[in-house]
Amino acid sequence: MKKGFLALCIASLAAFTVACGSDVNEGGSTSTDEEDKVIVMGTSADYFPYEFVDTANGDEIVGFDIDIAKQVAENMGYELKIEDMDFGSLLGALNAGRVDFVMAGMTPTEERKENADFSDIYFTAKNLILSKGDAIQSLEDLDGKQVGVQLGSIQEGIAKEQIPGAEIVALNKIPEIIQEIKTGRIDAMVIEDTVAKKYLDQDSELSTFEIVDEEEAGSAAAFRKDDELRDQFNEELNKMIDSGEIEKLAQKWFEQEAAPAE
């Protein structure tokens, strides 16, 4: 009697476990429950105007990438959840299954493509050298200087390649680098033009010049290798590009037109 009762309990527990686990996808956090479909986006919310914390209205993460991700997720039938972390941790979190995709003004470099699949480019921008005052006017002026970059960013690679005579200082957050420049602890930084605009508007002592680069830099969303979610996301993303929605969002956040995906 006891053995029979124990076997029945074990069988019931196993059936309950299978039923509870049926809504979880292997290697991902996307819910498959039709009544509660959630998709998790990883980002680094220090990159105005792509993604940043709206401190004036609480702690909500807002921005260009956020608006795009919310619309795509809604069109796909998902509720969007956002996980904020350091930029350099994003692809690791993606491949560990802690997030379903990444949007953080990320450029799909060849190195990153080894670890992730990317959507089409949805926005292109230029890179600048930003410094305090007007003493630095060329890349040659940075020889022997300390140049700040965001850790793991495309700007880190650009700095190493185009300013070999400089000491590259990699930090986690853009505001940290700006502060280091303003206090004189580093001499300059490599920064995207759309991100630099905010800081230039706030401080007249800051100045910039453009880095001429033959390779066009652009932003794309990152997904795990061979994840079907990439193609679904890409389809909705291109609908937004074709309809002009991305351009409207770009005008809202950047006051300029977004480049269409090729």
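Our subject is the structure listed above.
Residues numbered from 1 in each chain as written. Predicted model: local features only at pLDDT ≥ 70, side-chain atom pairs only at ≥ 80, totals over all residues. Heavy atoms only, no water.

(A) Structural context of the overall build of the protein. Within the protein one finds 9 helices and 15 strands. Sequence-distant contacts in the protein: of pairs separated by 6 or more residues, those separated by 24 or more amount to 70%. With the model as given, the accessible surface of the protein reaches about 13800 Å², and the carbon-plus-sulfur share is 47%. (Helix = DSSP H or I, 4+ residues; strand = E, 2+ residues; numbered from the N terminus. Contact = heavy atoms within 4.5 Å. Areas by Shrake-Rupley, 256 points an atom, 1.4 Å probe, with all protein chains shown as cover.)

(B) Representation of the sheet that holds strand 3 (residues 51-53) in the model. The 3 strands lie next to each other as 2-3-4, forming an open sheet whose pairing is antiparallel. Both edges of this open sheet fall to strand 2 (46-47) and strand 4 (61-62), since each of them pairs with a single strand only. Of the strand pairs in this sheet, strand 2 and strand 3 are connected by 2 bridges, and their pairing is antiparallel. Opposite Asp-46, over in strand 3, you have Phe-52 as the bridge partner. (Pairing = 2+ DSSP bridges.)

(C) Looking closely at the packing of helix 8 (residues 228-243) against helix 9 (residues 245-254). In the contact formed by helix 8 and helix 9, the axes pass within 4 Å of each other and the chain directions differ by 75°. Taken as axis vectors, helix 8 and helix 9 run roughly perpendicular relative to one another. The segment helix 8 lies against helix 9, with Leu-237, Met-240, Ile-241 and Ser-243 engaging Glu-245, Ile-246 and Leu-249. Grouping the constituent residues of the contact of helix 8 with helix 9 by class yields 5 nonpolar, 1 polar and 1 charged. (Axes fitted to C-alpha atoms, helices over the stretch in contact; angles between N-to-C directions. Parallel < 35°, antiparallel > 145°, perpendicular 65-115°, else oblique. Nonpolar A, V, L, I, M, F, W, Y, C, P; charged D, E, K, R; others polar.)

(D) Broad picture of the environment of Tyr-50. Counting through the fold element by element, Tyr-50 comes out in the loop between strand 2 and strand 3. Exposure remark for Tyr-50: the relative accessible area of 0% places this residue in the buried category. Each C-alpha atom, one on Tyr-50 and one on Ala-104, is 6.8 Å from the other, the two residues being 54 residues apart in sequence. (Buried < 20%, exposed > 50% of the residue type's maximum accessible area, 1.4 Å probe, protein only.)

(E) Quick look at the side chain of Asn-234. Note on placement: Asn-234 falls in helix 8. Exposure remark for Asn-234: the relative accessible area of 14% places this residue in the buried category. Residues within four places of Asn-234 in sequence aside, it is in contact with Ser-119 and Asp-120.

(F) Molecular detail of helix 6 (residues 174-182). Every buried residue of helix 6 is accounted for by Ile-174, Ile-177, Ile-178, Glu-180 and Ile-181. Relative to the axis of helix 6, the buried residues are bounded by an arc of 160° and lie together on one face. Positive phi appears at Gly-184, one or two residues downstream of helix 6, with a value of about 85°. (Arc of directions from axis to C-beta.)

(G) Expanded view of the nonpolar core. Of all hydrophobic cores here, the largest spans 48 residues; its most connected members are Phe-64, Ile-68, Phe-101, Met-103, Ile-174, Ile-191 and Phe-233. Considering every element that reaches this core, the biggest residue donor is helix 2 (residues 64-76), with 7 residues. Setting aside chain neighbours within four positions, we find Phe-64 in contact with Pro-49, Tyr-50, Tyr-122, Phe-123, Ile-246, Leu-249, Ala-250, Trp-253 and Phe-254. (Core = buried A, V, L, I, M, F, W, Y, C linked by side-chain atoms within 4.5 Å.)

(H) Quick look at unusual backbone geometry. Cis geometry marks the peptide bond from Phe-48 to Pro-49, where omega comes out at 5°. Topologically, Pro-49 is positioned in the loop between strand 2 and strand 3. Of note in the backbone geometry, Asp-226 takes a positive phi value of approximately 60° without being a glycine. Following the sequence through the fold, Asp-226 ends up in the loop between strand 15 (222-223) and helix 8. On the basis of relative accessible area, Asp-226 is assigned to the exposed category, the value being 71%.

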